[in-house]
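# Structural description and commentary
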Amino acid sequence: MTKAVVRILLGMYPPWWRHRYGAETADLTEQLLGEPGAHRLRVMASLLSGSLLAWLQVRRSTAYLSPVDSPNPWGVIPRGSHRDIFG
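Residues numbered from 1 in each chain as written. Predicted model: local features only at pLDDT ≥ 70, side-chain atom pairs only at ≥ 80, totals over all residues. Heavy atoms only, no water.

## Describing the overall build of the protein
Put simply, the rule reads: In this description a helix means any DSSP run of H or I spanning at least four residues, a strand means any run of E spanning at least two, and both kinds are numbered starting from the N terminus. Between buried and exposed lies partly exposed: a residue is buried under 20% and exposed over 50% of the maximum accessible area for its type, with that area taken using a 1.4 Å probe on protein chains only. The contact criterion used is simple: two residues touch if any of their non-hydrogen atoms lie within 4.5 Å.
Along the backbone of the protein there are three helices and two strands. Helices and strands appear in the protein in the N-to-C order α-α-α-β-β. Buried residues in the protein amount to 18% of all 87 residues. Across the protein, contacts joining residues at least 24 apart in sequence account for 48% of those joining residues at least 6 apart.

## What to know about the packing of aromatic side chains
A ring pair, where both rings are aromatic, is described by two values, the distance of the centres and the angle of the planes. As a reminder, the rule being used: Stacked, edge-to-face and tilted labels apply to pairs of Phe, Tyr and Trp rings (six-membered ring for Trp) whose centres lie within 6.5 Å, assigned for plane angles under 30 degrees, over 60, and everything in between, in that order.
One pass over the structure, following the stated rule, counts two aromatic pairs. Ring centres of Trp17 and Tyr21 lie 5.4 Å apart, and the angle between their planes is 50 degrees; this geometry places the pair in the tilted category. With Trp17 and Tyr21 both in helix H2 (residues 15–34), this residue pair falls four residues apart, about one helical turn. Given the relative accessible area of 13%, Trp17 is considered buried.

## Some thoughts on the nonpolar core
Keep this limit in mind: In these notes, a set of buried Ala, Val, Leu, Ile, Met, Phe, Trp, Tyr and Cys residues joined through side-chain atoms within 4.5 Å is what counts as a nonpolar core.
In this structure, Val6, Leu9, Leu10, Tyr13, Trp17, Ala26, Leu33, Val43, Leu47 and Ala54 together form the largest nonpolar core, which totals ten residues. Looking at this core, the elements that each hand over two or more residues are helix H1 (3–10), H2 and helix H3 (40–63).

## Focus: the side chain of Thr29
Mapped onto the elements, Thr29 comes out in helix H2. The class of Thr29 is buried, set by a relative accessible area of 6%. Once you skip the residues sitting within four places of it in the chain, Thr29 turns out to touch Val6, Val43 and Leu47.

## With respect to the confidence of the model for the protein
Note the cut-off: The score called pLDDT rates the predictor's confidence residue by residue, from a low of 0 to a high of 100.
Averaged over all residues, the pLDDT of the protein is 77; the fraction at 70 or higher stands at 64%. Put simply, strand S1 (residues 65–67) is where the protein has its lowest mean pLDDT, 55, and H2 is where it has its highest, 90.

## Structural notes on a nonpolar patch on the surface
What counts is decided by this rule: A patch is a set of surface residues, each over 30% in relative accessible area and not in a salt bridge, joined within 9 Å for like charges and within 5 Å for the nonpolar side chains Val, Leu, Ile, Met, Phe, Trp and Tyr. Per-residue accessibility takes into account occlusion by the displayed protein chains alone, with areas from the Shrake-Rupley method and a 1.4 Å probe. Should a side-chain nitrogen of Lys or Arg be within 4 Å of a carboxyl oxygen of Asp or Glu, the pair is scored as a salt bridge.
Taken together, the side chains of Leu52, Leu53 and Leu56 make up a nonpolar region of the molecular surface, amounting to roughly 290 Å² of accessible area. You can call Leu56 partly exposed: its relative accessible area is 40%.

## Considering H1
Going by this rule: In this description, one arc is meant: the one made by directions from the helix axis to the C-beta atoms.
Turning to H1, its buried residues number three or more, namely Val6, Leu9 and Leu10. For H1, the angular spread of buried residues about the axis comes to 95 degrees, placing them on one side. Facing away from the buried side of H1 by over 90 degrees, the exposed positions are Arg7 and Ile8.

Structure (structure tokens):
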């Protein structure tokens, strides 16, 4: 697996993830692939599954704020915020 393939696989991640973890992951992937006995297909599968998980994380975090039926000063209420310490 060359640097170009790693770059393509990392390009499948969400922009916020690439900004925060992209360079570090690219460096670690290159080091891992330089090790004897490294399984290139496993590394590729790991990067692909990681990109899917990162996109699902984006979907979960955007679903956290839901629109409100009645207007309030904030416009949105985080899920679960209607509960208080008294149940």
